[in-house]
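Here's the letter readout for the chains.
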Amino acid sequence: MEKVLFNNEQYEEALEKLDQLMREAEQISDVDHKVLLYNVLQYFDSIHREPLARIMNALTKHPDLKNRIVQDETVQKLCNLYDLAIEDVPTEKEGVVGFVPVENVGMLSIPKQKDWLELGNYHELENQKLYPKNYERVNFLISRIGSEVFAIQNQCDGSVLPIDKGTLEDHYLICPWHGCRYDLKTGEAVNEANKKLETFPVEIEEDGLVKVEISY
Ligand code: FES
């Protein structure tokens, strides 16, 4: 295909430069800056991934055109960078910064920050009640079940909907929207495969102080 802005070699050089920059970014020790960079890359990724995926999907209806387009070396590389299968519908890789797949360039791993929160006294928590909480944009809920306290993500897996209006049956939390049944101990859904909520460590001190460790 004709060169538009730069040729294949220059494109390859740009990729190598990106690879090098990602490796340098990996060395950033300041967590705030690293998180900021990570977020920028995530949004960059989303902004490009969605329309690119739509273009590739639309092209499946025009196989001749698609074949011509995907012959182009730079198009192939771009599809690889976004994990877009040239033949199939694209898939997301879970838990990675998709902008730069690990096979191609260095990855940016984000260290999570953790804080222990003091959330009142165990004796003040009503048994079998859900208490929604928020810390550093992490929505979670705590609940006392008998002598234990559990802390779990307050957002149904695969949805933006909170689950603190759900019902409790022993240590199972039933999502109010479509009935997903989560085990508070593990976070796993017992009636839906592959659904899971994040759980957070809980400690109850001798005087009854409840502490929850939130990662964000
Ligand atoms: S939103 Fe929770 S089961 Fe659908």
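If you're wondering where the values come from, they're calculated on a predicted model, not measured in any experiment.

Criteria and thresholds
- Residues numbered from 1 in each chain as written.
- Predicted model: local features only at pLDDT ≥ 70, side-chain atom pairs only at ≥ 80, totals over all residues.
- Heavy atoms only, no water.
- Helix = DSSP H or I, 4+ residues; strand = E, 2+ residues; numbered from the N terminus.
- Contact = heavy atoms within 4.5 Å.
- Areas by Shrake-Rupley, 256 points an atom, 1.4 Å probe, with all protein chains shown as cover.
- Buried < 20%, exposed > 50% of the residue type's maximum accessible area, 1.4 Å probe, protein only.
- Pairing = 2+ DSSP bridges.
- Salt bridge = Lys/Arg side-chain N within 4 Å of Asp/Glu carboxyl O.
- Core = buried A, V, L, I, M, F, W, Y, C linked by side-chain atoms within 4.5 Å.
- Axes fitted to C-alpha atoms, helices over the stretch in contact; angles between N-to-C directions.

> Help me out: how do you make sense of the overall build of the chain in this one?
A count of helices and strands for the chain gives 4 helices and 10 strands. Ordering the α and β elements of the chain from the N terminus gives α-α-α-α-β-β-β-β-β-β-β-β-β-β. A fraction of 50% describes how many contacts in the chain between residues 6 or more apart in sequence connect residues 24 or more apart. In the structure as shown, the chain presents an accessible area of about 13,600 Å², 50% of it carried by carbon and sulfur atoms.

> I tried to follow the pairing of strand 4 (residues 148–153) on my own but got confused; where do I start?
The side chains of a regular strand alternate between both faces of the sheet. Burial of strand 4 is extensive: 5 of the 6 residues sit out of reach of the surface. In this sheet, strand 4 lies alongside strand 3 (residues 138–145) in antiparallel orientation, the contact comprising 6 bridges. Bridge pairing in strand 4 places Leu-141 opposite Ile-152. Linkage of strand 3 to strand 4, two consecutive antiparallel strands, is achieved through a turn of 2 residues, within which Gly-146 is found at a positive phi near 65°. Bridge count for strand 4 against strand 8 (residues 199–200) is 2 bridges, and the pairing is antiparallel.

> What is the right way to look at the pattern of salt bridges in this model?
Between side chains of opposite charge, a pair can form when the charged atoms approach closely. Following the criterion strictly, the structure yields 6 salt bridges and no others. With a closest N to O distance of 2.8 Å, Arg-54 and Glu-50 form a salt bridge. Taken together, the residues span about one helical turn, with Arg-54 and Glu-50 both in helix 2 (residues 31–59) at a distance of 4 residues. For Arg-54, a relative accessible area of 55% gives the class exposed. Bridged by salt links that share partners, the residues Glu-12, Glu-73 and Lys-77 form one connected network.

> It is not clear to me how the nonpolar core should be interpreted in this structure. Could you clarify?
Most often, soluble globular proteins have nonpolar side chains that are buried together. Counting residues in hydrophobic clusters, the biggest one holds 15 residues, and the most contacted among them are Ile-163, Leu-173, Tyr-182 and Leu-184. Of all elements in the fold, only strand 3 and strand 4 reach the threshold of two or more residues within this core. Judged by nonpolar contacts, the second largest core, of 14 residues, contains Leu-117, Leu-125, Phe-140 and Val-210.

> Looking at this model, I keep getting lost on unusual backbone geometry. Mind explaining?
With a phi close to 65°, Arg-137 is a non-glycine residue in the positive phi region. Among the structural elements, Arg-137 can be located in the loop between strand 2 (130–135) and strand 3. Within the chain, Asn-194 stands out as a residue other than glycine whose phi angle is a positive 65°. Tracing the chain through its elements places Asn-194 in the loop between strand 7 (181–183) and strand 8.

> I would appreciate a short explanation of the pairing of strand 2 in the present structure.
Relative to strand 3, strand 2 runs antiparallel, the two sharing 6 bridges. Of the residues in strand 3, the one forming a bridge with Lys-133 is Phe-140. In this antiparallel pair of consecutive strands, strand 2 and strand 3, the connection spans 2 residues, and Glu-136 shows a positive phi of 50°.

> So what exactly am I meant to see when it comes to the sheet that holds strand 6 (residues 172–174) here?
Hydrogen bonds between backbone atoms are what pair the strands of a sheet, whose relative direction is either parallel or antiparallel. Strands sit in the order 5-6-7 across an open sheet of 3 strands; the sheet is antiparallel. Edge positions in the open sheet fall to strand 5 (167–169) and strand 7, since each of these has one partner strand only. Strand after strand, the sheet turns through a mean of 30° between neighbouring axes, direction not considered. Across 3 bridges, strand 5 lies against strand 6 in antiparallel orientation. Within strand 6, the position partnered with Leu-168 by the bridge is Leu-173.

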